[in-house]
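Summary of structural features
Take a look at the letters that make up each chain.
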Amino acid sequence: MSEKPVRPAERTGASPEAIRSHYDMGNDFFRLVLDPEMIYSCALFEGDDDLATAQRRKLDHHIHAAGAADTARVLDIGCGWGAMLRRLVDHAGVAHAVGLTLSPSQAQWIRDSGNPKIEVREQDWRDHKPERRYDAIISVGAFEHFVQKGLDPTAKLDVYREFFAYCDSVLATGGRLSLQTIAYSERHKVLPLLEKTFPESDLPLEWEPIAAAEGRFSLIAARNDADHYYRTLMMWEQNLLANYDKAVALVGEACAAEFRRYLKLSATGFRMGMVSLMRYSFRKKY
Ligand SMILES: C[S@@+](CC[C@H](N)C(=O)[O-])C[C@H]1O[C@@H](n2cnc3c(N)ncnc32)[C@H](O)[C@@H]1O
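Everything numeric in this text was worked out from a predicted model, so none of it was measured.

Turning next to the site of the ligand. Surrounding the ligand, one finds 21 residues, the nearest of these being Tyr40, Ser41, Gly78, Gln106 and Val140. In this structure, Gly78 approaches the ligand through a main-chain N or O atom, which is 2.7 Å from a nitrogen atom. Coverage of the ligand by the protein amounts to 95% of the 600 Å² it exposes when considered alone. Among the secondary structure elements, those contributing two or more residues to the shell around the ligand are α1 (16-23) and β2 (96-101). Grouping the amino acids of the shell around the ligand by side-chain chemistry returns 11 nonpolar, 9 polar and 1 charged.

Moving on, we get to the pattern of salt bridges. Enumeration over the complete set of coordinates arrives at 17 salt bridges. With a closest N to O distance of 2.9 Å, Arg216 and Asp168 form a salt bridge. You can see Arg216 sitting in the loop between α8 (208-213) and β6 (217-224) and its partner Asp168 sitting in helix α6 (residues 153-170), a full 48 residues away along the chain. In this structure, the salt-bridge partner of Glu237 is Lys264, at a minimum N-O distance of 3.4 Å. Placement of Glu237 in helix α9 (residues 226-242) and of Lys264 in helix α11 (residues 253-271) is noted, with a sequence separation of 27 residues between them. Owing to a relative accessible area of 7%, Glu237 belongs among the buried residues under this scheme. Residues joined in a network through salt bridges with shared partners are Glu46, Asp49 and Arg57.

Reading the values: the criteria
Residues numbered from 1 in each chain as written. Predicted model: local features only at pLDDT ≥ 70, side-chain atom pairs only at ≥ 80, totals over all residues. Heavy atoms only, no water. Near = heavy atom within 4 Å. Polar contact = N/O pair within 3.5 Å; in protein donor to acceptor, adjacent residues only side chain to side chain. Areas by Shrake-Rupley, 256 points an atom, 1.4 Å probe, with all protein chains shown as cover. Helix = DSSP H or I, 4+ residues; strand = E, 2+ residues; numbered from the N terminus. Nonpolar A, V, L, I, M, F, W, Y, C, P; charged D, E, K, R; others polar. Salt bridge = Lys/Arg side-chain N within 4 Å of Asp/Glu carboxyl O. Buried < 20%, exposed > 50% of the residue type's maximum accessible area, 1.4 Å probe, protein only.

Taken by themselves, the reported measurements are silent on function.
What follows is the structure, given as C-alpha cells:
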C-alpha cells in the first residue's frame, strides 16, 4: 500500500512542526524530568509506588487491556521514546512492535537502541498503511494532538471517527484498542497554557471517543484517573526542581520556567476536576 503524506490542507490535527516545537525540546531535558524509560504520560499508581514503578504498571495495564501479550504484531500510535514498544517485545512476548511518532528526536532515540523486534516510523497515523493487520493497538497520550483548536463540534467528532475508522481498518478481527487521553470534563473550561505548550492541539470531551467509536468498536471499559495525573505531574515537577540548574543550562531560563508553569497548572486542572485522564478499552466489532 502507498504511504502518501497528508497535505497540510487536509490536516485536522497538530502539525509536525507544532509537535516538534514541544517534543524536540531535547532528549537531555526530558531525561531530567521523566522516569528512566522516558515515559511522557500519566502513570498508574498503586499504594506508594515510585514514578518508574507506576509507569511500568501503566504500560502493563494497556498491554493487558489491548490483549497484546504474546501476539505477532502490535501498533503503538504516538510511541514517544519507545517505552511501550520495549515493554511489548522484551516482557510481553510480542514478536514485532511498530511505533509511530512525529518527533525525529524520539524516532532516533528508539532507532539507537537497535532492537530488531522494534520498528519506529516518523509518520502520522493517517499515512501509515501497513501490509498486514495488527493484533492489537495501543495509543497513550497522543489523541490530545489529533484535533486542532477551533474545529466546530461536528468536525471535531468527525476527526475522531476517522481515527476509529483507521484503527478498524488496520486491526485484526476481534482485536482490541487501548486508548489513553486527557479530556475536558466540562465544555468551555480550557486550560490557558495548553495552547502555548502544545500548540495546535485540542482535547476531547470525555464522551467524544466513545461516541466516535460507535458502530466499529464496543466499549469494554472507561476510567478516569485524574488523581494519577496529578501525582505524575507533581513527581515531574520534583524532578525538574531537583535538576533546575541543568534544565536552565539546556533550554534557557524562560523555557524551564514555562515548563514548570505548565506542570503546575495542569496538576491544578486535574486536581480541580477540570480535566480528566481517560483510559478506554475497545473491542473491534467484526
Ligand atoms: C505525550 S507523547 C506520549 C508518548 C508515549 N505514548 C508515552 O506515553 O510516553 C505524544 C506522542 O504522540 C505523537 N503524535 C502526536 N500526533 C501524532 C500523529 N498524528 N501521528 C502519530 N504520532 C503522533 C508524538 O510524536 C508523541 O510521540
